[in-house]
Structures are given as C-alpha cells and as structure tokens.
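# Coordinates in review
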Amino acid sequence: MPTNLLLRASAITKSFAGVHALKGVSFELAEGEVHALVGENGAGKSTFTRIVTGALKADSGELEICGQKIAHHSPQQARALGVAAIHQQPLLFPHLTVAENIALSLENGEPGWSVNWKRRYEQARELLHRVGVDLDPKRLAGSLSMAEQQIVEIAKAIGAQAKILLMDEPTALLTDREVDQLFRLIGQFRQEGVGMVYISHRLEEIQKIADRITVLRDGRTIACKDAADVDRGGLIELMVGRSLASIFPKRDVTLGETALEVRNLNNPRLGLHDISFSVKRGEILGMAGLVGSGRTELARTLFGLSSCSSPIYLNGKPVRIGSPAQAIGMGMGYLPEDRRQHGLILEMQLDENISMASLNEVSRWGMVQRGKEARQGEEYVRELRIKANTASVAAQTLSGGNQQKVALARWLAIHPQIMILDEPTQGVDVGSKSEIHELIVQMAERGVAILLISSELPEVLGMCDRIAVFRDRTIAGTLLRDEATQAGIMALAFGHADPLLQEAEQA
Amino acid sequence: MNPRIREAGLLLTIVALMLLLAWRTTGFFSAANLTDLFLANMPVMMIAVGMMMVILTGEIDISVGSIFAISSVVMGKCASTGVPIWLSGLIACAVGVLLGALNGRLIAYVRIPSIVATLATMVALRDGLRWYTQGSWIQGLPAGFQWFGMSQSGFTGLCVVAVVLITGLTALGLRNLRMGRAIVATGSNRMAACAAGIDARRVVFGVFAVTGGLAGLSAVLNSVRFNQIPSNSGLGLELKVIAAVAVGGAAITGGSATMTGTVLGVILLSCIGSALTFLGINAYWEKAIQGGIILIAVAADTLKLQRRDHAKTLPA
C-alpha cells in the first residue's frame, strides 16, 4: 500500500519525568490514507500526535515528514510542512469571529498593517463552502455549537493546505449526524490525497473509515493491520492484551416502586418544556438524543443546579429541589458530563474527592475525621480497581478512566437511591469502560434508579431497560429495550421530516 | 514547587535578614523593639488570615484597609461618648463583620467581581469616613482606654494569645473542618464544588464576612495602643496584607495556600521596613524592596506553573 509516504516514524521514545510515555512507536502514513491509531487511555496516542505536530520533542527515534528528516521540530515548522491537528475540544478564540479565527492561522507574516476585512470574509466563506457548511463568517466562535467549531477547525486546516491531518477524538462531542458529515469530509480529503491520522475510542467508527489500524499499548506499537483484516473483538484484545467476555454486562433486575417521577416539567431558563417520565428502583432509563437536545439540562434541573418551579415526585411525594445539597440529602447523585471541569477537583486527593458529597458520614461535629476518610478512600480504590498507589495522591495524577472511577466512587459513597449519569464513559479507555458498565449494573441490582445519559447508541441500547429520546429540549418518545434500534432512536432524535430517517430505515 | 520548599525558602530569607541585622546593627532584637514590631504588624497578621481564605476561594478583598479605619473610628467614637470599652470593641467588630458581609453579598449573590466590588467599597468607605470625621482625629478617650486599662506587657500578651489562636484555629479548621474543605474545594474548582453539593456562594459570602470581622478585631486591638485615633488609619494596609499572603505562596488563582507560608510572609514583610531603619537605609526603599520581593515570589510561582504544565503533557 505505501505509495507515497507522507509521514514515517520509527522507534520514537519519549519520557516525562522518568515515566516512559512512548517506548518505541513506529508509524507510517501514506497519501490519501486514513490511518487509525487506537489504544487505551495512556497508551501514548496523544503524546505521539504532539510529537508530530512539534508541540513535544522526541527523546530518540526517527521522524520523517514528506520525505524530510526532522531533527529539531517546532509547531511553526510542522505547520509549514503541512501538518495540521484537530483536537477533541476545538481550540477557537470564542470572542473572535469565525473569519478572524481562520485568518489568525493563515495570515501569519503577511505584509502590511491594515486588515483587509473583505478578503478575510471571502476567504472564510470559501473555505467553509469547501467543507460543505453554510456558516456566517461574522458569527462569534463562542456562539457556535461544538460541531460547528470543529468544522471551523477543519476549515483552518484546509486553508493551511494541510497534507497531514491529525484528528484526536474529533467525534467525541459530535452527534451521529454531525459525525456522518465529518466522515463525508474525510472521504473528500482522501480523494484529494490528504493523509489522516485518526484517533478514536469508538471502534465502530474506525472500522467504517480507516484503511489501516495501528494499535498502541503502553507506549509501543503492538500491531499495524489493514482495517479489513481485523474485527472489533480482535482490536479490543490487541488494545487491552486480554479478551473481554461481553461488552455490555446488563442483567435483568426485578423492578421496584417508582423512585422518581416528573410530570410536565418546564424550565424556561434552560428551554426545557413538557418533560414527563418516571423511573423505578432497579431500572436503567437511557436518555438519548443529539448534543444540546436537553438531556444535560434536565439532569442539572433535577439536581438543583438550575432552579425550576415544576415539582418532582420522589417515591410518590412532590418535592422541590433548590440546590445540589438538597438533592444529595434526598438520595440523588449526579455524575456530571465533564469530569475535569465539573466532576473532580483535580488538585485534591482521591479520598477527599470521594468523600466530598458525603462528608457528614466521615465527620463529627463539623470536623472531618481524616483517618476514617482515608480508609473509605482506600476501600473504594481497591473495590473499583482504581490504579493508584494510595488514596492520598492528587486526582490529576490518574488517567481519564481512573479519574472517572473516582468521580463515580464519590456518588457510590452517598448510597444514592437515584443516580443520574451523564456520559459516564466519555473519553474512557475500553478496559475502564466495561468496568464502569459493570458498576452501573451492580448499582441497579442494589435497587438504585438510574438515568443514563449517553451519546453512544450501542451503550444506550446495551445498558438500558427503556430509552427516552430527546429532541428540542423535550422527550420525543420512549422506547422499550426490546423495540429499540439505532434506527428507531435516530428517527426520534432527528424528527420525522429528516431525510436521515429514510437512510436509517433502509439500513 | 512543593509548598514546603517555598516555606523553607522564606524561612531562610528571614534567617538571613536576622543574621544581617544581628551582625550590622544593635537594638533590633531588644524587647522594646520586638514588642513594638509585633504590635504594629499584628493587624497585618490577623487580616492576612482572612485574606488567605479569600484568596483560597479565588477572590480578593482590597477594602480591608477601609474597614479597618471605620472600625477604629467606631471604636473611638463609642468609647469617647461613654459606651463601656468592651462594648465599644464588640460594636467595632460587629461593624467589621457587617461591612465584610456587604462585600460578600455583592460578590457572592449580586455577582460583582470581587476586585470591582471591594474597590468600590474601599473608596466609598474611606471617603465616607473622611466626610464624617472631616479629617479630625478622635480624642478625649476615657481613662482605661489605652491598653484596655492593662499594663503594656499584659496587653501584648493578650494580643499574642489572640494571634496564635486565630492562626492556629484557622489552620486546623481549613484542614479538618467541613467548612475548611468547602473553602479549598470552592477555590480549586467552583463548578465541581457546586456539583458535589457545596454551596459555593455561602462559602464566598462567609470568607468575606470573616475577613471583615478580623479587620474589625485587629482595628480594636490596634486602636487602644494610643490615646487618640487617626481617621485615616490602615491606609495601604490591604497592599501589605495581600503582598504577605502572595509571598507566602498562596496561588492568586485560588485553591492553594498554607498558613505557615502566610505567617512567614507576614514576618518577612513586617521585618523589612524596620530592618531598613536599623541598617540606616533610606525608608523610601521599603516599598521598592517589598515590590521586589513580591515579584520574586510570583515569578517563582509562574516558573513552577510552566514546569508543571510541561510535566502535565503526559497523555490524557
């Protein structure tokens, strides 16, 4: 296959403060190829891409870009050679317009001191047109949705005449439809001879678009295979070095009384309207829908993070929840979407993070009993198999999957009756993911009523008893486990007028 | 950088300064000078305890000097109009708490950025006081006002006890009280603290009220050192306090500070002014040297952050 190599790396090593992040990574990228890079969190994918983009310098090994040997590399140099990167989180300046954001990366070193606004807008419009969206270049980047921001990033890359495009989890924040749009773009670039390195945890995506797949484990290249020659189970085995029995451990639980019921909930501030649903003890109610369809907003409303006048029925009794503290007092837990921003306090120790919502259990007369707290922390570290030497290390020293387990431990510690999980496995490696799924099932078996918000359809389908599908900040419909299909969920999420529905039904 | 390293560095600087003073001067270590030095800087220490908590939550309070001045005048006015001295002290402390609570209200509930809110209260309170007193000092204080009617050494002992209690209990509280945990959590990541059930607004309100109260208390203890009270006391106090806390290693972005560091920062900044006098250096240099120390301290923090960010480029 290697016709014309754009990128060749061999035996790249890199260590941080004595910790080997890369212990010999070899990688090739040909013209017009989509080469997927997969591995658990901490396998070295991000470090490798950062070396290619010049953000980091390799300790040893060879790197060749477009036939040029690279010794001392800088981001500017990498850009000049045609390397562009798209990250999981778009890195736009929110207070600048789309056109200015695009211009910033392209107009470097241009002569003259005055801005040619007309040309700026034209250039932006043309680039956006090439990626197939109709965005107003005068809009502020901060007002765009995540997907739109991601597309602006891609437009930037095209404008820079990128020959090598590195994409690090570009679909993590996108909805299925937006993902399809991205894939169409990837196909277009492939035609144009752009080489793409595609990093993702979503294996089904990778199999859809990748030509070759390289598996990294513990900083080493484990295998490089043609995408056609390897199936999902095989990939997972290569990544974790062991085989996973079943991907979703969902077990049937006899359902109890209704734990939480909401009738015609309205929250004008967040745009929620006419939301009605109920969850029984032991039941897992999935919440599917596009990003921004109102799922996180509902979670925040239920948990008292946004005030709302509609009553909520807990065990049949109407209550009003005005603050998270009240919600916790009523036995409700909420694992927020973004663990770094909302979930954990990264500077604090694991045991302090774990006890944060249940401090009354480890304290007396307002005093935290640190011994008791530490013991509780150690217990959860052991029980959830969190990879840490002790519970007294800072949360920021852990990898993403382990951080998520710490965030979950905090809520297990309050012994909740109702648990809201918002994207509990987002950006989590495959091994931790199935462990988290197992924990969710165990919670349900203990009689906890669970709301599971997820943008990953297989997860919703595999884990939930019923699935409420959101559209336009209300529930568009609820499907039972047996009747739910990806196509059915998508049809509800997009609304019937959508052409994708037919596509989905045909599939 | 580990806070212990920062503290060790501060300690070494202080020891070096002391050695220099012992070598080049006489009289610095006399009981009279040390007592005087302690009493003069006691307000800085007390308010620094509150300021450290404010900075821990990621806020700042630049109105403490004005609150200090108002509490001093309230103390004097009450005492000179025949209110018992102990009651005057209580009233002055209460005024401090109230003004701090006003700051807290504006910042936590009206959501005005703390630098703007306390800048406003700083100017408004200071100028309001100037208008009220017309610049005149408060005199005609009753007998038994000075030193609370105690001996000077007795009063100094009282102040030492107060300072030790306030710093010690706060340090313990920050480590072991649920409230202390809430303060640190709020400063580290306010959104995450809220999501864990901590009422961040009440935390912010609380630390401002406490800081106001400490400004009031220190004003009471400070005012009885003299037999008249200037209407412009505490001018520039906020800068010295903030400088001491920053030098002590508190992250100005919140979430990280130690009591040991703060105490050492106060000691260093307090000694420098006096040391210059003893070393025969023009007092004009004091502010410049203070500025230099702050710059070095903050630069050390910045370098630390850069190194940490670099180390953090481990894969996510």
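Each value, and the rule that gives it
- Residues numbered from 1 in each chain as written.
- Chains lettered and ligands numbered in written order.
- Predicted model: local features only at pLDDT ≥ 70, side-chain atom pairs only at ≥ 80, totals over all residues.
- Heavy atoms only, no water.
- Helix = DSSP H or I, 4+ residues; strand = E, 2+ residues; numbered from the N terminus.
- Expected span 1.5 Å × (residues − 1).
- Buried < 20%, exposed > 50% of the residue type's maximum accessible area, 1.4 Å probe, protein only.
- Arc of directions from axis to C-beta.
- Contact = heavy atoms within 4.5 Å.
- pLDDT = per-residue confidence, 0-100.
- Salt bridge = Lys/Arg side-chain N within 4 Å of Asp/Glu carboxyl O.
- Buried area = accessible area lost by both parts, 1.4 Å probe.
- Polar contact = N/O pair within 3.5 Å; in protein donor to acceptor, adjacent residues only side chain to side chain.
- Pairing = 2+ DSSP bridges.
- Axes fitted to C-alpha atoms, helices over the stretch in contact; angles between N-to-C directions.
- Patch = residues over 30% accessible without salt bridge, like charges linked within 9 Å, V, L, I, M, F, W, Y side chains within 5 Å.
- Areas by Shrake-Rupley, 256 points an atom, 1.4 Å probe, with all protein chains shown as cover.
- Phe/Tyr/Trp six-rings, centres within 6.5 Å; stacked < 30°, edge-to-face > 60°.
- Lys NZ or Arg CZ within 6 Å of the ring centre and 35° of its normal.

This part covers helix α13 (residues 370-383) of chain A. Counted at 1.5 Å a residue, the expected span for α13 of chain A with its 14 residues is 20 Å, and the 20 Å between its end C-alpha atoms agrees. Turning to α13 of chain A, its buried residues are Glu373, Gln376, Gly377, Tyr380 and Val381 of chain A. Buried residues of α13 of chain A, viewed axially, fall in a sector of 135 degrees; they line one side. Pointing more than 90 degrees away from the buried face of α13 of chain A are the exposed residues Arg375, Arg382 and Glu383 of chain A. Against the buried residues of α13 of chain A lie α12 (350-355), β18 (367-368) and α14 (400-412) of chain A together with α7 (178-188) of chain B. Of the residues trailing α13 of chain A, Arg385 of chain A is marked for its positive phi of about 50 degrees.

Summing up the model confidence of chain A, the mean pLDDT is 83 and the portion of residues at 70 or higher is 92%. With pLDDT under 50 throughout, residues 497-505 of chain A is counted as low confidence; its partners more than four residues away or in other chains account for eight contacts.

By the definition in use, this model includes 21 salt bridges over all chains. Note that Asp59 of chain A and Lys14 of chain A form a salt bridge whose closest N and O atoms lie 3.9 Å from each other. Linking Asp59 of chain A in the loop between α1 (45-52) and β4 (60-65) with Lys14 of chain A in strand β1 (residues 5-16), this pair joins segments that are 45 residues apart in sequence. We classify Asp59 of chain A as partly exposed; its relative accessible area is 45%. Assessed through its relative accessible area of 10%, Lys14 of chain A is described here as buried. For the salt bridge of Asp127 of chain B with Arg130 of chain B, the shortest nitrogen-to-oxygen distance reads 3.1 Å. Linking Asp127 of chain B with Arg130 of chain B, this pair stays in helix α5 (residues 114-133), spanning three residues, or about one helical turn. Several salt bridges share partner residues, and in doing so they unite Glu352, Arg370 and Glu373 of chain A together with Arg181 of chain B into one network.

With that settled, the discussion passes to the interface of chain A and chain B. Often, the extent of an interface is quoted as the loss of accessible area on bringing the components together. The interface is formed by 37 residues belonging to chain A together with 24 residues belonging to chain B. Between chain A and chain B lies a buried interface of about 2500 Å² when both sides are counted; carbon and sulfur atoms form 61% of it. Linking chain A to chain B there are two salt bridges. Residues Glu373 of chain A and Arg181 of chain B are paired through a salt bridge, measuring 2.6 Å at the closest nitrogen-oxygen approach. For the pair chain A and chain B, the number of links is five residue pairs in polar contact (both at pLDDT 80 or more). Residue assignment for the side of chain A that touches chain B shows that the elements contributing at least two residues are α1, α10 (324-329), α11 (339-343), α12, β18, α13 and α14 of chain A. At four residues, α11 of chain A tops the list of elements feeding residues into the side of chain A that touches chain B.

Walk down a regular strand and you will see the side chains alternate between the two sheet faces. All names here are of chain A. As judged from the six bridges shared by strand β21 (residues 466-471) and strand β22 (residues 474-480), these two strands associate in the antiparallel manner. Note that in β22 the partner of Arg466 across the bridge is Leu480. Hairpin geometry of β21 and β22 is characterised by an intervening segment of two residues between the two adjacent antiparallel strands and by a positive phi of about 50 degrees at Asp472.

This part is about the environment of Thr260 of chain B. Among the structural elements, Thr260 of chain B can be located in helix α11 (residues 259-279). Separated by 153 residues in sequence, Thr260 of chain B and Ile107 of chain B place their C-alpha atoms 28 Å apart.

All names here are of chain A. Ordered in space as β6-β7-β8-β3-β9-β10, the six strands form an open sheet in which the pairing is mixed. Pairing within the sheet leaves two strands with one partner each, and these edge strands are β6 (83-86) and β10 (220-226). Between one strand and the next, the sheet's axes are offset by a mean angle of 20 degrees, whatever the strand orientation. As paired elements, strand β7 (residues 164-168) and strand β8 (residues 195-199) share five bridges and run parallel to each other. Bridging across to β8, Leu166 finds its partner in Val197. In this fold helix α6 (residues 176-191) packs onto β3 (34-38), β7 and β8, with an angle of close to 150 degrees to the strand it touches most, β8.

In this section: a nonpolar patch on the surface. A cluster of nonpolar side chains, namely Trp86, Leu87, Leu90 and Ile91 of chain B, defines an oily patch on the protein surface of about 400 Å² accessible area. Structurally, Ile91 of chain B can be placed in helix α4 (residues 85-109).

Before going further, it helps to examine the packing of aromatic side chains. Per the counting criterion, the structure on display carries 10 aromatic pairs over all chains. Taking the centre distance of 5.8 Å and the plane angle of 85 degrees together, the rings of Phe303 of chain A and Trp411 of chain A count as edge-to-face. Remark: Trp411 of chain A occurs in helix α14 and Phe303 of chain A occurs in the loop between α9 (295-302) and β14 (312-314); sequence separation between them is 108 residues. When sorted by exposure, Phe303 of chain A lands in the same class as Trp411 of chain A, which is buried. With 5.3 Å between their ring centres and 55 degrees between their planes, Trp147 of chain B and Phe155 of chain B make a pair best called tilted. The pair formed by Trp147 of chain B and Phe155 of chain B is uniform in burial state, with each residue classed as buried. Within the aromatic cluster, the residues linked to one another by ring pairs are Phe303, Tyr334 and Trp411 of chain A. Against the face of Tyr121 of chain A rests Lys138 of chain A, its NZ or CZ located 4.9 Å from the ring centre. Between Arg263 of chain A and the ring centre of Tyr313 of chain A, over which it is positioned, the NZ or CZ distance is 4.1 Å.

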